[in-house]
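Here are the chains, one letter per residue:
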Amino acid sequence: SVVTLEGGVRVERQRVQDTLNGLSANETPVSANLGARFKLSDRYQLTASFARAQRGAQAQERYSNGPHEATATYEVGLDVNGGQAAKETANNLDLRLEKTAGGLKFSIGGFYSRVNDYIYGELQDLNGDGMIDDQDTVDDSGAPTPSDELLLLNYRQADATLYGFEAEVSGRVW
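Treat the numbers as computed from the prediction; the structure is a model and nothing was measured.

J.: Would you take a moment to explain the overall build of the protein chain for this structure?
T.: Tallying secondary structure elements over the protein chain gives one helix and eleven strands in all. Along its sequence from the N terminus, the protein chain presents helices and strands in the succession β-β-β-β-β-α-β-β-β-β-β-β. A globule of 174 residues ought to have a C-alpha radius of gyration of about 16 Å, yet the protein chain, at 23 Å, is considerably larger. With the C-alpha coordinates of the protein chain rotated into their principal frame, the extents come out at 65 × 40 × 25 Å. A total of 174 residues make up the protein chain; the buried ones form 29% of that total. Within the protein chain, contacts between residues separated by at least 24 positions form 59% of all contacts whose residues are at least 6 apart in sequence. Accessible area of the protein chain: about 11000 Å², with a carbon and sulfur share of 53%. When the 16 basic and 26 acidic side-chain charges of the protein chain are each reduced to a single mean position, those positions are 19 Å apart.

Structure follows, in structure tokens:
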């Protein structure tokens, strides 16, 4: 066959609770993908895929509000102080050319991802000097205390774009 198509859909049900503070979230992330492989010859093929993937914020990303000794941070989640986390949604496109036969094989491709409401942890520059250092620390209650041990980390959401290229070469050594 010259063209092969594949696809899939995934539906999840996610419930995250903070029983200590009476907070909860219910989400239904939906993901789908579609891919095609075009056989150009006995040695070459072109593949293309599109995927849309969603994920809900995890409990730590939503409800953290205190010290995390292992990472030396004081973490504040998205749903703390009246916030509300949105589902992270990524739209991904991947294109690839492959040589699949012969002594030398290769694959070269590119990808582009647009992520809406990307979830990440951001260390805070409390004194505004443009650096995250021991002057930007807080105590176990989250109060600014220079030269303490915990850096303040707030979970945030923002749109992000990721793109790049990948290449692989393989062949017989002898």
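That shown, we press on.
J.: For this particular structure, what's the right way to read the pairing of strand 7 (residues 73-76)?
T.: Taken residue by residue, a regular strand's side chains alternate between the two faces of the sheet. In strand 7, alternate side chains face the same way, and those of Thr73 and Glu75 on one face and Tyr74 and Val76 on the other are all buried. Bridge count for strand 6 (residues 65-68) against strand 7 is four bridges, and the pairing is antiparallel. Along strand 7, the bridge assignment pairs Gly66 with Glu75. As consecutive antiparallel partners, strand 6 and strand 7 are separated by four residues, and within that stretch Ala72 has a phi angle of approximately 55°, a positive value. Direction of pairing for strand 7 relative to strand 11 (residues 150-171): parallel, over a ladder of four bridges. Residue Tyr74 lies in a different strand from strand 11, and its bridge partner there is Leu152.

J.: Looking at this structure, how should I read the pairing of strand 9 (residues 104-123)?
T.: Both strand 8 (residues 88-99) and strand 9 contribute to a ladder of eleven bridges, which runs antiparallel. Bridge pairing links Leu95 to Gly110 in strand 9. Hairpin geometry of strand 8 and strand 9 is characterised by an intervening segment of four residues between the two adjacent antiparallel strands and by a positive phi of about 100° at Gly102. Judged from the 18 bridges that link them, strand 9 and strand 11 form a sheet pairing that is antiparallel.

So, how was this worked out
Residues numbered from 1 in each chain as written. Predicted model: local features only at pLDDT ≥ 70, side-chain atom pairs only at ≥ 80, totals over all residues. Heavy atoms only, no water. Helix = DSSP H or I, 4+ residues; strand = E, 2+ residues; numbered from the N terminus. Rg over C-alpha atoms; globule rule 2.2 N^0.38 Å. Buried < 20%, exposed > 50% of the residue type's maximum accessible area, 1.4 Å probe, protein only. Contact = heavy atoms within 4.5 Å. Areas by Shrake-Rupley, 256 points an atom, 1.4 Å probe, with all protein chains shown as cover. Lys, Arg positive; Asp, Glu negative; His and termini not counted. Charge placed at Lys NZ, Arg CZ, Asp CG, Glu CD. Pairing = 2+ DSSP bridges.

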